[in-house]
Amino acid sequence: MSKMNSQRADALATLIDDATRAGLLPPGASRPVQDVRPWPLVLMTAFGAWLAAIPLMIALGVGLEDLVRHGPGAYVVAAIVLVVSVLLIRMRGVALFVEQLAVPCLLVGGGLLGYALFRDYATQIASLLMCLACLLVAASLPRDWLRVLLGLVACGLLGLGIVDSTRDWIFENDPTQLYLAWMLALACWLGAHWLQKQAFNDGRGAPIAAFLESLSTGWVLAILLGLVFWSGMTFMLGGALGGGVAGEVAREVTRHQAVAWYAQVLNGVSLVLAVAAAAWTGWRWPALCQLPAIGVALVLIVLAWFMPALGPVLLILAYCLTSGRSRVAVAAALAAAWILGSFYYQLAWPLASKAALLAMAGAVLCALSWLAMRGAVLHLVESKPSAVAAQGRNVRLGVLAGLLLVLLVANIGIWQKEQLIAKGEAIFVALEPVDPRSLMQGDYMRLNFVNLGVLSTLASVDRAPGRPLVVATRDARGVAELLRPYTKEALASGEFLLELTPKDGNWVLVSDAWFFKEGEAARWEKARYGEFRVLPDGRALLVGMRGEDLQAL
């Protein structure tokens, strides 16, 4: 290990000497001093400094409350705290505890400045001023990770500054404003990278280039997060979000996207950006100008037309991949996967049409992958060594085994459900009304059962290992009444068990939603009972809905 370190040190010294002779570095440039402090020591010291900062900030707030509540005092105190924090972070040789203490002080100064600006100015102006303050502080700090965080916050403040502050920024505002805000932020990000390459691509401009690199990383991460939020819920996440604030926000954004007249314009913007991403990748990587890669690009371009948030993310992904920014590229790929899954919740489309489009895209991608693996199209190599051919066979066998395993697991689950339906006893549980805002959401209906709320609370408080069971009875018609949590006691005649399922931190009876074909809301709004099949051990399955007189719907 020591030999390897010495080799790296010699290589760095040679590189510095060559750069100095070429005029890229000033005479007398030396090797940068490395921080050799063990990271556990830094972490523990930082934790202690943050804990010590809490009572300090509370005392400061109480002592200066009258000064910062009104007038310019808040600006003066914020400026002093920010300047002192920046100086401590920039200072060399300062004690580690004092250095880490400066970070929470930096947050306090920024928070106090934000309080004063939002108090005295409109939301849009205050947001833009805070964005400018974040950029100035980031330019004065030597720490890359702080620049990344400040870049993320600055980009978010820019988006908030563009959205109309006179209306509710989620439920009343036009989501197009937020989309355009992220497009403007994307243009700023691309412009910063162009400036970095054109004006600061030499040794003298290295400090500014490093600053732009760190700041733009946080900036683009904010754009990706914003586009993910704007696209709404991803596949099957709606069930996890349930009726909470996050679920309502995502559904509201999706609803606006589905009915807005300008959806075609946003789709066009996404299409243009996706085409630009494909063209840029082909220009930077000419080896990809082959049929399989072009086919993949065409599939993504088509999908970008239907998903306005996908085009910008693909452009970010293409630029980061071709410029070696692998970590941001991974984040962009995850954002693209999220946005593809959000197409499931596009309420303007029937579920069958959405499934058909995604299935066609998947089939085309599979065909292109098959062609690429056969080597019949790419012609990248003339002959394959036996080891490479054997490795290719092993990969194909592994993929085939994985596919068979997935099919096996899926079919076992289907068989278990079919056995439960065939052997389980039929019971009916009465429904309770649910909050009308969450009763109908696109293609599913929220469910709540009589007496389940109290039993769910008791089960959550008990926190017994495993899934809780409740005791129930049924009348002559098969309508069940949920009585009490099961505590291993002997059951009375006519009593039976029902198993609860975890959902959103609560316990539900099998499910809290009934999914149906889009356009059939009028049919299922007459539901008054849930129809279950129950086994003696309490396992149950929701198989249908029944009306007032237990008639099938």
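Residues numbered from 1 in each chain as written. Predicted model: local features only at pLDDT ≥ 70, side-chain atom pairs only at ≥ 80, totals over all residues. Heavy atoms only, no water.

**Section: the overall build of the protein chain**
Secondary structure summary: the protein chain contains 20 helices and eleven strands in total. Here the protein chain holds 553 residues, and 38% of them are scored as buried. If you take every contact in the protein chain between residues at least 6 apart in sequence, the share linking residues at least 24 apart comes to 67%. As displayed, the protein chain has an accessible area near 31,000 Å², and 68% of this comes from carbon and sulfur atoms. (Helix = DSSP H or I, 4+ residues; strand = E, 2+ residues; numbered from the N terminus. Buried < 20%, exposed > 50% of the residue type's maximum accessible area, 1.4 Å probe, protein only. Contact = heavy atoms within 4.5 Å. Areas by Shrake-Rupley, 256 points an atom, 1.4 Å probe, with all protein chains shown as cover.)

**A short note on the pattern of salt bridges**
Any two side chains of opposite charge can pair if their charged atoms end up close together. Evaluation of the coordinates by the stated rule reveals nine salt bridges. Linking Glu213 and Arg325 is a salt bridge whose minimum nitrogen-to-oxygen distance equals 2.9 Å. Of this pair, Glu213 sits in helix α9 (residues 206–231) while Arg325 sits in the loop between α14 (310–322) and α15 (326–342), placing them 112 residues apart in sequence. Since its relative accessible area comes to 16%, Arg325 is described here as buried. Notably, a salt bridge pairs Glu531 with Arg533, separated by 3.1 Å at the nearest N-O pair. The class of Arg533 is buried, set by a relative accessible area of 18%. (Salt bridge = Lys/Arg side-chain N within 4 Å of Asp/Glu carboxyl O.)

**Things to note about the packing of helix α13 (residues 291–306) against α14**
Put simply, α13 and α14 touch, their axes get as near as 8 Å, and they point 140° apart. Judged by the angle between their axes, α13 and α14 are oblique. Here Leu300, Leu303 and Ala304 of α13 come into contact with α14, specifically with Leu310, Gly311 and Leu314. Of the residues belonging to the contact of α13 with α14, the class tally is five nonpolar, one polar and no charged. (Axes fitted to C-alpha atoms, helices over the stretch in contact; angles between N-to-C directions. Parallel < 35°, antiparallel > 145°, perpendicular 65-115°, else oblique. Nonpolar A, V, L, I, M, F, W, Y, C, P; charged D, E, K, R; others polar.)

**Observations regarding the pairing of strand β1 (residues 425–430)**
With six bridges connecting them, β1 and strand β10 (residues 529–534) associate as antiparallel partners. Residue pairing in the sheet places Phe428 in a bridge with Glu531 of β10. (Pairing = 2+ DSSP bridges.)

**So, the sheet that holds strand β4 (residues 469–474)**
Reading across the sheet, the six strands line up as β6-β4-β5-β1-β10-β11 and stay open at both edges, with mixed pairing between neighbours. Both outer strands of the open sheet, β6 (495–499) and β11 (540–546), are each paired with one neighbouring strand and no more. Pairwise comparison of adjacent strand axes, ignoring direction, gives a mean angle of 45° for this sheet. The pairing of β10 with β11 spans six bridges and is antiparallel. Looking at β11, one finds that Glu531 is bridged to Gly544.

**A few points about the nonpolar core**
Considering soluble globular proteins, one finds that nonpolar side chains tend to be buried as a cluster. Counting 78 residues, the largest nonpolar core has Trp189, Ile223 and Ile316 as the members making the most contacts within it. The element best represented in this core is α9, accounting for twelve residues. Discounting residues that sit within four places of it in the chain, Ile316 has contacts with Leu186, Trp189, Val220, Ile223, Leu224 and Ala332. In terms of nonpolar packing, the next biggest core, distinct from the first, is built from 26 residues, Phe449, Leu455, Trp507 and Met545 among them. (Core = buried A, V, L, I, M, F, W, Y, C linked by side-chain atoms within 4.5 Å.)

**Some words on unusual backbone geometry**
The backbone of Leu550 sits at a positive phi, close to 65°, despite the residue not being glycine. Positionally, Leu550 belongs in the segment after β11.

**Observations regarding the confidence of the model for the protein chain**
Mean pLDDT over the protein chain works out to 75, with 71% of the residues at or above the 70 mark. Across the protein chain, the element-wise mean pLDDT spans from 40 in helix α18 (residues 436–439) up to 92 in α14. Contacts for the low-pLDDT stretch residues 239–252, under 50 throughout, to residues beyond four places or in other chains number 32 contacts. Note that pLDDT drops below 50 for residues 435–441; the model gives that stretch 14 contacts with residues more than four away or on any other chain. (pLDDT = per-residue confidence, 0-100.)

**Here we look at the packing of helix α6 (residues 123–140) against α9**
In contact at an axis separation of 10 Å, α6 and α9 are set at 140° when each is read in the N-to-C sense. Comparing the axis directions of α6 and α9 gives the class oblique. Viewed along their axes, α6 and α9 form a crossing whose handedness is right-handed. Contacts between α6 and α9 involve Leu135, Ala138 and Ala139 from the first element and Phe211, Leu215 and Trp219 from the second. A class-by-class count of the residues in the contact of α6 with α9 yields six nonpolar, no polar and no charged. (Left-handed = near helix turned anticlockwise from the far one by under 90°.)

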